[in-house]
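# Descriptive analysis of the structure
The chain contents come next:
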Amino acid sequence: MEGIMTGVGKYEGLFKMCKVHTPGYASSSSNRPKSVGGLLKLVKRFEKTGKLEDRAQAGRPCLKEAPCIVVEMKAIASEAASGTSSAREAARRLVLPPSSVRNVLRRLLQLYPYKLQSCHELLPADTAQREAFVKCVFSKMEQNPTWVFSILWTDEAHFSLHGDINNHNCRISATSNPREYTQKPLHSPKVTAWCGFSGSFILGPFFFETQCPVNGWITETVNAYRYLTLLRETVVPCLIQRGQTSNVTFMQDGATSHTANPVKTFLIQTFGEDRIVSRRCRYPWPPRSPDLTPADFWLWGYLKSSVYLSGPSSLPELKDAIRREVSSIHPIVSLIHHVALCRCWICHSSGMSSFLWWWSCGTYSECNKTNL
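Model, not experiment: these values are computed from the prediction.

All right, on to the overall build of the chain then. Along the chain, the regular secondary structure elements total 14 helices and seven strands. Here the chain holds 372 residues, and 35% of them are scored as buried. Considering only contacts within the chain whose residues lie at least 6 apart along the sequence, 68% involve residues at least 24 apart.

This paragraph deals with the sheet that holds strand β7 (residues 276-277). Strand order in the open sheet formed by five strands is β3-β2-β1-β6-β7, and the pairing between neighbours is mixed. Looking along the sheet, the strands with just one partner apiece sit at the ends: β3 (202-207) and β7. Sheet analysis places strand β2 (residues 190-197) next to β3, joined by four bridges and oriented antiparallel. By the bridge assignment for β3, Gly196 is matched with Leu203. Sheet contacts for helix α8 (residues 224-242): β1 (151-160), β2, β3 and β6 (249-251); angle to β3, the most-contacted strand, approximately 150°. The sheet strands contacting helix α10 (residues 294-307) are β1 and β2, and the helix crosses β1 at an angle near 40°.

Before going further, it helps to spend a moment on the packing of α10 against helix α11 (residues 315-327). Contact geometry of α10 with α11 gives a least axis separation of 10 Å together with a crossing angle of 125°. The orientation of α10 relative to α11 falls into the category oblique. Every pair of crossing elements has a handedness; the one defined by α10 and α11 is right-handed. From α10, Leu303, Ser306 and Val307 reach across to α11, where they touch Leu318, Ala321, Ile322, Glu325 and Val326. A breakdown of the residues in the contact of α10 with α11 according to their chemical character gives six nonpolar, one polar and one charged.

On to helix α3 (residues 36-49). Structurally, the α-helix is built with 3.6 residues per turn, so residues lying three or four positions apart point the same way. The terminal C-alpha atoms of α3 lie 20 Å apart, and with 14 residues this matches the ideal 20 Å at 1.5 Å per residue to within 8%. Every buried residue of α3 is accounted for by Leu39, Leu42 and Val43. Down the axis, α3 shows its buried residues gathered within 100° of arc, on one side only. When the buried face of α3 is taken as reference, the exposed residues oriented beyond 90 degrees from it are Lys41, Lys44 and Lys48. Immediately beyond the C-terminal end of α3, within one or two residues, lies Gly50, with a positive phi of roughly 75°.

This part covers unusual backbone geometry. A cis amide bond links Gly204 to the next residue, Pro205, at an omega of 5°. Here Pro205 lies in strand β3. One non-glycine residue with positive phi stands out, namely Arg280, at about 65°. Here Arg280 shows up in the loop between β7 and α10.

As a further point, take the pattern of salt bridges. For the structure shown, the criterion picks out seven salt bridges. Between Glu273 and Arg282 there is a salt bridge, and its shortest N-O distance comes to 2.8 Å. Notably, a salt bridge pairs Asp274 with Arg282, separated by 2.4 Å at the nearest N-O pair. Among the residues examined, Asp274 registers a relative accessible area of 40% and is labelled partly exposed. One salt-bridge network, in which partners are shared between bridges, spans Glu273, Asp274 and Arg282.

It is worth spelling out the packing of aromatic side chains at this point. A full pass over the atoms with the stated rule returns seven aromatic pairs. Arranged with centres 5.8 Å apart and planes meeting at 15°, the rings of Trp194 and Phe206 form a pair that is stacked. In this pair, Trp194 sits in strand β2 while Phe206 sits in strand β3, placing the two residues 12 residues apart along the sequence. Assigned by exposure class, Trp194 and Phe206 land together as buried. Ring centres of Phe197 and Trp298 lie 5.8 Å apart, and the angle between their planes is 75°; on these two criteria the pair is classed as edge-to-face.

Quick look at the environment of Asn144 now. With respect to the helices, strands and loops of the structure, Asn144 is situated in the loop between α7 (124-143) and β1. Classification of Asn144 as partly exposed rests on a relative accessible area of 35%. Among the polar contacts made by the side chain of Asn144, one reaches the side chain of Thr146 at a distance of 3.0 Å.

Okay, the nonpolar core next. The biggest cluster of nonpolar side chains holds 37 residues, and the ones touching the most others in it are Phe133, Phe159, Leu299, Trp300 and Ile322. Of all elements in the fold, only α7, β1, β2, β3, α10, α11 and α12 (333-350) reach the threshold of two or more residues within this core. Element by element, the count of residues in this core is highest for α10, at six residues. Apart from residues lying up to four places away in sequence, Trp300 is in contact with Asp155, Glu156, Ala157, Phe159, Ala193, Cys195 and Ala295. In this structure, Leu203, Phe208, Val235 and Cys281 belong to the second largest nonpolar core, which totals 22 residues.

Mapped onto the elements, Asn261 comes out in helix α9 (residues 261-271). Between the C-alpha atom of Asn261 and that of Arg280, which follows or precedes it by 19 residues, the distance is 9.7 Å. A distance of 2.7 Å separates the side chain of Asn261 from the side chain of Arg280, its partner in a polar contact.

Quick notes on the rules
Residues numbered from 1 in each chain as written. Predicted model: local features only at pLDDT ≥ 70, side-chain atom pairs only at ≥ 80, totals over all residues. Heavy atoms only, no water. Helix = DSSP H or I, 4+ residues; strand = E, 2+ residues; numbered from the N terminus. Buried < 20%, exposed > 50% of the residue type's maximum accessible area, 1.4 Å probe, protein only. Contact = heavy atoms within 4.5 Å. Pairing = 2+ DSSP bridges. Axes fitted to C-alpha atoms, helices over the stretch in contact; angles between N-to-C directions. Parallel < 35°, antiparallel > 145°, perpendicular 65-115°, else oblique. Left-handed = near helix turned anticlockwise from the far one by under 90°. Nonpolar A, V, L, I, M, F, W, Y, C, P; charged D, E, K, R; others polar. Expected span 1.5 Å × (residues − 1). Arc of directions from axis to C-beta. Salt bridge = Lys/Arg side-chain N within 4 Å of Asp/Glu carboxyl O. Phe/Tyr/Trp six-rings, centres within 6.5 Å; stacked < 30°, edge-to-face > 60°. Polar contact = N/O pair within 3.5 Å; in protein donor to acceptor, adjacent residues only side chain to side chain. Core = buried A, V, L, I, M, F, W, Y, C linked by side-chain atoms within 4.5 Å.

Here's what the structure looks like:
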């Protein structure tokens, strides 16, 4: 013990100096000095190396100390922004692990990966037609501020029984590959549902199907004759029962079955030319514009995300689930009309041909300022 104290006394001045000048000399959790053993280790390190600092750690150097890598990463990041490069490509070019490349992008350059969104390709003439439709909407709104809430937005969609399986995060934990497979039919059974809704009520769902004596109900392909039959025998009688035939403005997209001459004639006889929004009519619906109709940008995605949660195993269960979910969305229909109106305002005021372009610009707050 006396020897230890003698050694400590020999380097007493050294201990005082390192206590004042050495970073990290005291414990990070308290201000207490190091123990006697820790001081002796510090003395031995000083006698051996002439320094008080810790030895350099083994391994790759810190990326912050390699500015050339950061400069190269900035150039690669500019290429990645245009979709011509990736993190793995950058790792191969810089001879670095992909994890290091991701750390540089996120921690040093503050760059994060985002997925590209796809939308309908617009032809040169589509932009003018979209703007003309939006101007017509606001012209109607000047005459009647509640006009947009009287629009009966209609559309049909397919609901597959088995849905689509996303295998990206589907993994099996095992000590060896179990070689498991999931069987998927080539053509999954499906139903085709039609829905229409305004600001105060919702119609449907109605299904395009026919009854077979052997196989029961069979889903039919939508054509002009079947679509006209649905309108004449189901949709219009429901509107008459509600007393809404003279109030609603019937909207449909430009599908071939919607714009056939017999369908157009029936719609004009029922609603009049001033209360139809459709291709080849007085107020034409702009082509390739699913971002403007609530049935496309909200209804079908909302229904499918809810219907498949119950896991229907047969077509009757699938149709019951669709009916159940449609009957539960009435309270938010009015809000969706506000969203559709905001999208029309954006298309009109910003001059952007696609709503998704506006979404990437983040100007939704400007829409709220208009009190639409």
